[in-house]
Amino acid sequence: MSSGPNNRGKGSGGVATGQGRNGKKPNGAANGVKQQKQQQQPRRKTAREVALDTLVKVAEAGAYSNLQLNRALQDAQLSRQDAGLATELVYGTIQHQRLLDDRLNILVTKGFNKLTPWVLVLLRMSAYQLLLLDRIPAHAAVNEAVTIAKRRGHSGISGMVNGVLRNLERSLPELKEPIENANPVKRIGITHSYPDWLVKRWIDSYGETVAEQICASGNEPPHSSLRVNPLRLSRDKAIGLLTDNGYDAVASKLSDAAVIVNGGGNLAQSEGYQSGLWTLQDESSMLVAEVCAPAPGMKVLDCCAAPGGKTTHLAELMEDRGHVFANDVHPHKKQLIEEQAARLGLNAVEAITGDALELASRFEPQSFDLVLLDAPCSGFGVIRRKPEIKWTKSEADVQAIAELQTELLQVAAKLVKPGGTLVYSTCTIEREENEGQIEKFLANQPAYQLDADWSSRILQPLKEGHVIDESFSGMVQLLPQQFGSDGFFIARLKRVQ
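Residues numbered from 1 in each chain as written. Predicted model: local features only at pLDDT ≥ 70, side-chain atom pairs only at ≥ 80, totals over all residues. Heavy atoms only, no water.

Engineer: Looking at this structure, I do not really get helix α4 (residues 80–95). What am I missing?
Structural biologist: Here α4 is 16 residues long and its end C-alpha atoms lie 22 Å apart, about the 22 Å a rise of 1.5 Å per residue gives. Residues A83, L85, A86, T87, L89, V90, Y91, G92, T93, I94 and Q95 constitute the buried set of α4. (Helix = DSSP H or I, 4+ residues; strand = E, 2+ residues; numbered from the N terminus. Expected span 1.5 Å × (residues − 1). Buried < 20%, exposed > 50% of the residue type's maximum accessible area, 1.4 Å probe, protein only.)

See the structure below:
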């Protein structure tokens, strides 16, 4: 997530001075120049207008909130403080959408679901400020909402917005009361803003208490973490460099390669990132390559590799010796992988393009020491970063993606040498896509078995965090509330025949 807008240079326009031969401006020329400058410099959008535009595009066009927001911030050139406010409003409004609609529905007595999309989004965004952001004065939230409504609509709309928000402000003590509902699905769903079907699945899988912890955690801001490139420097040295440059940097407890970073600006624009000292990646995601445990000289395949985070981590762990084929179905993502590898100074990576379902016909069977299938999934482990998927995914989507995963696993299994390793991972917490996939795979693949021989450096924090116990068999489900990292599933399998 971007912490602020990019600074862009401003070109000079070829504005005529209007000067006469004697160097003096004719009468009225000064006013003409002022008018030209005013025409060339349209009014800059406020933080709330940038947030509103982003939210409307996410709602109407299905844009990803993180990508759309980054584009909007770059275009708007807001101050860091205003960029922070816009970011808070976008993510907070999407994250708490169901609660906001529940509260607003009490106040909008007629036609709540028939409101023009931008008006509905404006009310949600304003209600978020009033109900959940104590540091923003109520009058500021209401007044700017009314101003925006006047600019974008007519007096009737601005009057309605003013009336609803003033009423909400007067009713805040009552509307902030905890949601009381005897049905735990409804109570959790409204309180933490998740669809009923998803809450029910998680209660069935994890129990009511853990399901509510998952939901609450998904509404927290994600922390920033980076993966140190061990071919360039040690983690301790990276932490020192980050600290010297104004970041609050501490070593991760979950991954040996990870550093948790706060403050200091956009890490993707840092000199250390540009020069290949580190890569931006979540801690849970880093564990995937560490569980793979590739050795120098191995022949490795990453089936669904873009944008290249796990691919490059594998190459780093191999000391850039061996061959890592990084496949992705989208041709334009091949360049992303190549750029990542080049930035990190890695030569062992070869990016290729193709459908992962056809890899078994592209490569010789049983030809890889290690195959990683970081499978496409529902993504419910990364709701903090993409909160809109709560509202855009369905149970049918989960079932469809699970069927694809089953096919992909069968293809990947054909490519592993006897004695070799197959690692399956997802960034979701859905049992149907995770444990269910592995159980089904093992029932139909007698040549494979789970491999619990993981490094103690990986297992120790998982044990201390009560993620695994003595029954650990070779697969782990990380939940977002356990380490503050993304929800991830990882299974390591060995081909025994």
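So, next bit.
Engineer: Is there a simple way to explain the packing of aromatic side chains in this structure?
Structural biologist: Describing an aromatic ring pair means giving the distance of the ring centres and the angle of the ring planes. Applying the stated rule across the entire model yields 9 aromatic pairs. Relative to F489, the ring of Y424 has its centre 6.3 Å away and its plane inclined at 65°; by these criteria the two rings are edge-to-face. With a gap of 65 residues between them, Y424 in strand β9 (residues 416–426) and F489 in strand β12 (residues 488–495) connect regions that are remote in the sequence. Between K390 and the ring centre of Y194, over which it is positioned, the NZ or CZ distance is 4.1 Å. (Phe/Tyr/Trp six-rings, centres within 6.5 Å; stacked < 30°, edge-to-face > 60°. Lys NZ or Arg CZ within 6 Å of the ring centre and 35° of its normal.)

Engineer: When you look at the pattern of salt bridges in this model, what are you seeing that I'm missing?
Structural biologist: A side chain with one charge can pair with a side chain of the opposite charge if their charged atoms come near. Under the counting rule described, the total for this entry stands at 28 salt bridges. Linking K334 and E338 is a salt bridge whose minimum nitrogen-to-oxygen distance equals 2.7 Å. Note that K334 and E338 are positioned in helix α17 (residues 331–343) at a spacing of 4 residues, about one turn of the helix. Of the residues examined, E338 reaches a relative accessible area of 37% and is grouped as partly exposed. (Salt bridge = Lys/Arg side-chain N within 4 Å of Asp/Glu carboxyl O.)

Engineer: Explain the pairing of strand β6 (residues 323–328) to me, please; I cannot follow it from the model alone.
Structural biologist: Burial analysis of β6 places 5 of its 6 residues in the buried class, the great majority of the element. Bridging between strand β5 (residues 299–302) and β6 involves 4 bridges; their strand directions are parallel. Looking at β6, one finds that K299 is bridged to H323. Regarding topology, helix α16 (residues 309–317) serves as the crossover connection from β5 to the parallel β6, and that connection is right-handed. Sheet topology note: the β6/strand β7 (residues 349–353) ladder contains 5 bridges and is parallel. From the neighbouring strand, A326 faces β7, where its bridge partner is A351. For the crossover that starts at β6, traverses α17 and ends in the parallel β7, the hand is right-handed. (Pairing = 2+ DSSP bridges. Right-handed = clockwise from strand over helix to strand, strands pointing away.)

Engineer: I keep staring at the state of the cysteines and nothing clicks. Help me out?
Structural biologist: Here the structure, examined in full by the defined rule, presents 0 disulfides. We note that C215 lacks a disulfide partner, and the nearest cysteine sulfur, in C427, lies 17 Å from it. C292 carries a free sulfur, and the closest cysteine sulfur to it, the one in C303, is 10 Å from it. (Disulfide = S-S within 2.5 Å.)

Engineer: Just checking my understanding: could you explain the environment of E174 for this structure?
Structural biologist: Mapped onto the fold, E174 is located in helix α9 (residues 172–175). A C-alpha to C-alpha distance of 42 Å links E174 and I468, two positions 294 residues apart in sequence.

Engineer: Looking at this model, I keep getting lost on the side chain of H313. Mind explaining?
Structural biologist: Its place among the elements puts H313 in helix α16. With relative accessibility at 2%, the residue H313 sits in the buried group.

Engineer: Teacher, can you tell me more about the nonpolar core here?
Structural biologist: One broad trend across soluble globular proteins is that nonpolar side chains are buried collectively. Among the nonpolar cores identified, the biggest contains 51 residues, and L78, L122, L123, V161 and L168 are the most heavily contacted of them. Grouped together as the second largest cluster of nonpolar side chains are 33 residues, L287, V300, V467 and L478 included. (Core = buried A, V, L, I, M, F, W, Y, C linked by side-chain atoms within 4.5 Å.)

Engineer: Would you mind showing me how to read the side chain of D320 here?
Structural biologist: One can find D320 in the loop between α16 and β6. The buried charged residue D320 lacks any salt bridge partner; its closest oppositely charged side chain belongs to R232, at an N-O distance of 8.6 Å. In terms of polar contacts, D320 uses its side chain to reach the backbone amide nitrogen of A348, at 2.8 Å. When sequence neighbours within four positions are dropped, the list of residues in contact with D320 reads L231, A315, G345, L346, N347 and A348. (Lys, Arg positive; Asp, Glu negative; His and termini not counted. Polar contact = N/O pair within 3.5 Å; in protein donor to acceptor, adjacent residues only side chain to side chain. Contact = heavy atoms within 4.5 Å.)

Engineer: Honestly, helix α10 (residues 184–192) in this entry has me stumped. Any pointers?
Structural biologist: Note on helix geometry: an α-helix contains 3.6 residues per turn, so any two residues three or four positions apart are oriented the same way. Taken as a whole, α10 has its buried residues at V185, R187, I188, G189, I190 and H192. Buried positions along α10 lie against α4, α5 (97–107), α11 (196–206), α12 (208–218) and α19 (389–392). The residue sitting at the N-terminus of α10 and contributing the capping side-chain oxygen is N183; that oxygen lies 2.9 Å from the backbone nitrogen of V185.

Engineer: Can you walk me through the environment of L132 in this structure?
Structural biologist: Among the secondary structure elements, L132 is positioned in helix α6 (residues 117–132). Relative accessible area serves as the criterion here: at 35%, L132 is assigned to the partly exposed category. Sequence separation between L132 and A306 is 174 residues; the distance between their C-alpha atoms is 36 Å. Residues contacting L132, with those up to four places away along its chain left out, are H96, L99, L100 and A127.

Engineer: Got a minute to help me understand the packing of α5 against α10 in this structure?
Structural biologist: For the pair α5 and α10, interaxial distance at closest approach is 5 Å and the crossing angle is 95°. Viewed along their axes, α5 and α10 adopt a mutual orientation that is roughly perpendicular. Taking contact as the criterion, the partners of R98, L99 and D102 in α5 are, on α10, K186, G189, I190 and T191. For the contact of α5 with α10, a count of residues per class yields 2 nonpolar, 2 polar and 3 charged. (Axes fitted to C-alpha atoms, helices over the stretch in contact; angles between N-to-C directions. Parallel < 35°, antiparallel > 145°, perpendicular 65-115°, else oblique. Nonpolar A, V, L, I, M, F, W, Y, C, P; charged D, E, K, R; others polar.)

Engineer: Would you mind going over empty space enclosed by the protein with me for this structure?
Structural biologist: A water-sized probe, rolled over the atoms, reveals where empty space remains. Summed over all chains, the structure comprises 1 cavity of 30 Å³ or more. Taken as a whole, the largest cavity encloses approximately 60 Å³ of empty space. Along its surface, the largest cavity is lined by Y194, W202, I214, G218, F380, G381, V382, I383, R384, I429 and P480. (1 Å grid on protein atoms, 1.4 Å probe; cavity = no way out; pocket = protein on both sides within 12 Å on 5 of 7 lines; lining within 4 Å. Points joined across faces, edges and corners; volume = space filled by probe spheres on them.)

Engineer: Explain the pairing of strand β1 (residues 224–228) to me, please; I cannot follow it from the model alone.
Structural biologist: Consecutive side chains of a regular strand alternate in pointing toward one face of the sheet and then the other. Counting buried positions along β1 yields 4 of 5 residues, so the element is predominantly enclosed. Relative to strand β3 (residues 258–262), β1 runs antiparallel, the two being bridged by 4 bridges. Across the sheet, R227 pairs through a bridge with A258, a residue of β3. Strand direction decides the pairing type here: β1 and strand β4 (residues 278–280), joined by 3 bridges, are antiparallel. If you follow L226 over to β4, its bridge partner there is L280.

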